[in-house]
Amino acid sequence: MKMLCSESIFNTKYITLIMSDREEILRVEGLKAFYATPRGLLKAVNDISFTIYKGESVGIFGESGAGKSSIALAIMGVFNKQAKMFVAARGNDEMKRLWSLKEKALKKKLTSKDMGEELPGVEGHIWFKGEDLLALDEKEYRKIRGNEITYVPQASRTSMNPYTEIDIQTAEALWAHDEDDILWEKEVLRRVLIALDLVEIADVDIRRKLKPSEFSMGEDQRILIAMALIMNPVLMIADEPTTAVDVGVQKRVMEAIQLVRDKLELAMLLISNDQGLIAQTTDKVGVMSAGHLLEFGDTLTVMKRPGHPFTRAFIMSNPPMHLIRKIREKGLKIRGIPGKVPDMVELPSGCPFHPRCEYVVEKCREIKPDYREVEKGHWVMCHRFEELPEFEL
Ligand SMILES: Nc1ncnc2c1ncn2[C@@H]1O[C@H](COP(=O)(O)OP(=O)(O)O)[C@@H](O)[C@H]1O
Ligand code: SF4
Ligand SMILES: [Mg+2]
């Protein structure tokens, strides 16, 4: 096992960089990600497009089962592997046939359309610094995953090894990418301390030798963020970093994400159904339901003046504390979204939200709405945006 020897502490901080204007880091274009299931293809991600620029934090906000994590898996290049794993273990003949067809298509660089039927797995484009990640092979992807693109798992003790000191765990990504064994121990320690210091773990020079159980839940999540930062990534993806932790811890996790945002010029993709977290830590947000991105725009606009009936209903179904009074003053009601979450194997015709929408008309049932820019940078997928009642929180 590698060891990190005790050394004097470097008080180095990451230098706050000045945001350069609009260098594109990630462009997701027409992304699809489908699972093969015994009932047919489950369309978790349908034609989704968005861009993240340097230093920008983009949120994906939406109800559980909407397809948010599937987007993260696709960007990390592990969607196909995870989706296939279940099929190999418990899939039926049809599911196996579809995956073997998909593998043929991948080898020949063909799409579902070329193959004449819809296939499971990922399709579309994920441009990362100008390179299409979906065109990379696994060896090439491995150089980027956990290095330039890092992932912060959900806050949980199971995301860490309970028996290993946190400095060793934080250093693991460095060692994993140090194929030629060129990193000096001293340099590894220096970078570990910088990362832990960055997320403000107190007394890091002593406490780095402790095991995860000796830290609080909020500190755990911050250590997970430090682990993701150690490689000095260009893009950090955090999936539900505040789910499964209590309100006090949520606040501290949120602060840690804000800290990272303020100190580093990082692009961030933050996946959550926590409105408070999205509102406080993202610049732009995409709202998802039933595998579709229904609205996208700057976070303040989308949260204050949501344009899509789903976004309005979703916010009203579980508003954050600070909005509850405002909602009452406006005479609005806090209530759940009526109806059932759509079955993504048999998605509704037309607008994916139509079975639950209070503004539905015939056209909504028949024609899928275009994704329209209703004001600069604010996109809404709804036929009736102009006819909807005013809504402001
Ligand atoms: N390995 C899998 N095989 C089949 N279906 C899956 C698998 N993983 C997730 N799903 C389904 O895909 C849909 C989207 O899931 P997910 O991306 O995890 O949504 P979210 O993160 O928004 O909760 C859900 O209906 C979920 O049940
Ligand atoms: S397109 Fe129709 S059903 Fe869909 S959100 Fe708009 S009004 Fe509702
Ligand atoms: Mg998820």
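In this text, all values refer to a predicted model and were calculated from it rather than measured experimentally.

Engineer: Kindly report on the nonpolar core, identifying the contributing residues and their values.
Structural biologist: Counting 48 residues, the largest nonpolar core has L26, F50, I75, I149, L235, I237 and L269 as the members making the most contacts within it. Here the element with the most residues in this core is strand β1 (residues 24-37); it accounts for seven residues. In this view, L26 contacts F50, T51, I52, I75, I126, W127, F128 and L235; residues no more than four positions away in its chain are not counted. One finds V204, I257, L266 and L270 within the second-largest nonpolar core, a separate group that totals 40 residues.

Engineer: Go over the site of ligand 1 with me, naming the residues and quoting the values.
Structural biologist: Around ligand 1, a shell composed of Y35, L42, A44, E63, S64, G65, A66, G67, K68, S69, S70 and M344 is seen. A66 is positioned such that a nitrogen or oxygen atom in its backbone is 3.1 Å from an oxygen atom of ligand 1. Between ligand 1 and the protein, one listed contact pairs an oxygen atom with a side-chain N or O atom of K68 at 2.8 Å. In the complex, 68% of the free accessible area of ligand 1, which totals 560 Å², lies under the protein chains.

Engineer: How would you sum up the sheet that holds strand β2 (residues 40-53)? Please name residues and give values.
Structural biologist: The strand order across the open sheet formed by four strands is β2-β1-β4-β5, and the pairing between neighbours is antiparallel. Lying at the two open borders of the sheet, with one neighbouring strand each, are β2 and β5 (131-132). Pairing between β1 and strand β4 (residues 121-128): seven bridges, direction antiparallel. Looking at β4, one finds that E29 is bridged to H125. Sheet contacts for helix α1 (residues 68-75): β1, β2 and β4; angle to β1, the most-contacted strand, approximately 115°. Strands β1 and β4 of the sheet are contacted by helix α2 (residues 79-90), whose axis makes an angle of about 10° with β1.

Engineer: So what about the site of ligand 2? Which residues, and what values?
Structural biologist: Around ligand 2 sit H308, P309, C351, H354, C357, Y359, C364, P369, C382, H383 and R384, and that is every residue in its neighbourhood. Looking at side-chain class alone, the shell around ligand 2 contains seven nonpolar, three polar and one charged residues.

Engineer: Describe in detail the pattern of salt bridges, supporting the description with residues and values.
Structural biologist: For the structure on display, the rule yields 29 salt bridges. Residues E123 and K102 are paired through a salt bridge, measuring 3.9 Å at the closest nitrogen-oxygen approach. Note that E123 is positioned in strand β4 and K102 in helix α3 (residues 93-107), a separation of 21 residues in sequence. Classification of K102 by relative accessible area gives buried; the value is 3%. One connected set of salt bridges, linked through shared partners, spans E23, K54 and E265.

Engineer: Lay out helix α7 (residues 185-198) in plain terms, naming residues and giving numbers.
Structural biologist: Its 14 residues give α7 an end-to-end C-alpha distance of 20 Å, which sits within 8% of 20 Å, the value for a rise of 1.5 Å per residue. Those residues of α7 that sit buried are V188, L189, V192, L193, I194, A195, L196, D197 and L198. Just past α7, the residue E200 takes up positive phi, approximately 60°.

Engineer: Any chance you could break down the environment of N318 for me, citing the residues and the numbers?
Structural biologist: Mapped onto the elements of the fold, N318 is located in the loop between α13 (309-317) and α14 (321-329). Expressed as a C-alpha distance, the spacing of N318 and I337, which sit 19 residues apart in the sequence, is 9.8 Å.

Engineer: Explain the pairing of strand β11 (residues 372-375) residue by residue, including any values.
Structural biologist: Sheet topology note: the β11/strand β12 (residues 378-380) ladder contains three bridges and is antiparallel. For E373, the partnering residue across the bridge sits in β12 and is W379. What sits between β11 and β12 in their antiparallel hairpin is a turn of two residues, with G377 showing a positive phi close to 75°.

Engineer: Explain the packing of helix α6 (residues 166-177) against α7 residue by residue, including any values.
Structural biologist: In contact at an axis separation of 9 Å, α6 and α7 are set at 115° when each is read in the N-to-C sense. Regarding the angle of α6 to α7, the classification is roughly perpendicular. As α6 packs across α7, the resulting crossing turns out to be right-handed. Contact with α6, carried on its side by I166, D167, T170, A171, L174 and W175, involves V188, R191, V192 and L196 of α7 and no other residues of that element. The class makeup of the residues in the contact of α6 with α7 is seven nonpolar, one polar and two charged.

Engineer: Explain α2 to me, and be specific about the residues and the numbers.
Structural biologist: In a regular helix each residue adds 1.5 Å, so twelve residues correspond to 16 Å; α2 covers 17 Å between its end C-alpha atoms and thus fits that length. F79, N80, A83 and V87 are the residues of α2 that are buried. All buried residues of α2 fall inside an arc of 85° around its axis, so they share one side. Exposed residues lying more than 90 degrees from the buried face of α2 are K81, M85, A88 and A89. As for α2, its buried residues are in contact with β1, α1, α3 and β4.

Engineer: Go over the confidence of the model for the protein chain, please, and point to the residues and values.
Structural biologist: Summarising the model, the protein chain shows a mean pLDDT of 88, and 93% of its residues fall at 70 or more. Of the regions scoring below 50 in pLDDT, residues 6-20 engages in 28 contacts with residues more than four places distant in sequence or in other chains.

Basis of the calculations
Residues numbered from 1 in each chain as written. Chains lettered and ligands numbered in written order. Predicted model: local features only at pLDDT ≥ 70, side-chain atom pairs only at ≥ 80, totals over all residues. Heavy atoms only, no water. Core = buried A, V, L, I, M, F, W, Y, C linked by side-chain atoms within 4.5 Å. Buried < 20%, exposed > 50% of the residue type's maximum accessible area, 1.4 Å probe, protein only. Helix = DSSP H or I, 4+ residues; strand = E, 2+ residues; numbered from the N terminus. Contact = heavy atoms within 4.5 Å. Near = heavy atom within 4 Å. Polar contact = N/O pair within 3.5 Å; in protein donor to acceptor, adjacent residues only side chain to side chain. Areas by Shrake-Rupley, 256 points an atom, 1.4 Å probe, with all protein chains shown as cover. Pairing = 2+ DSSP bridges. Axes fitted to C-alpha atoms, helices over the stretch in contact; angles between N-to-C directions. Nonpolar A, V, L, I, M, F, W, Y, C, P; charged D, E, K, R; others polar. Salt bridge = Lys/Arg side-chain N within 4 Å of Asp/Glu carboxyl O. Expected span 1.5 Å × (residues − 1). Parallel < 35°, antiparallel > 145°, perpendicular 65-115°, else oblique. Left-handed = near helix turned anticlockwise from the far one by under 90°. Arc of directions from axis to C-beta. pLDDT = per-residue confidence, 0-100.

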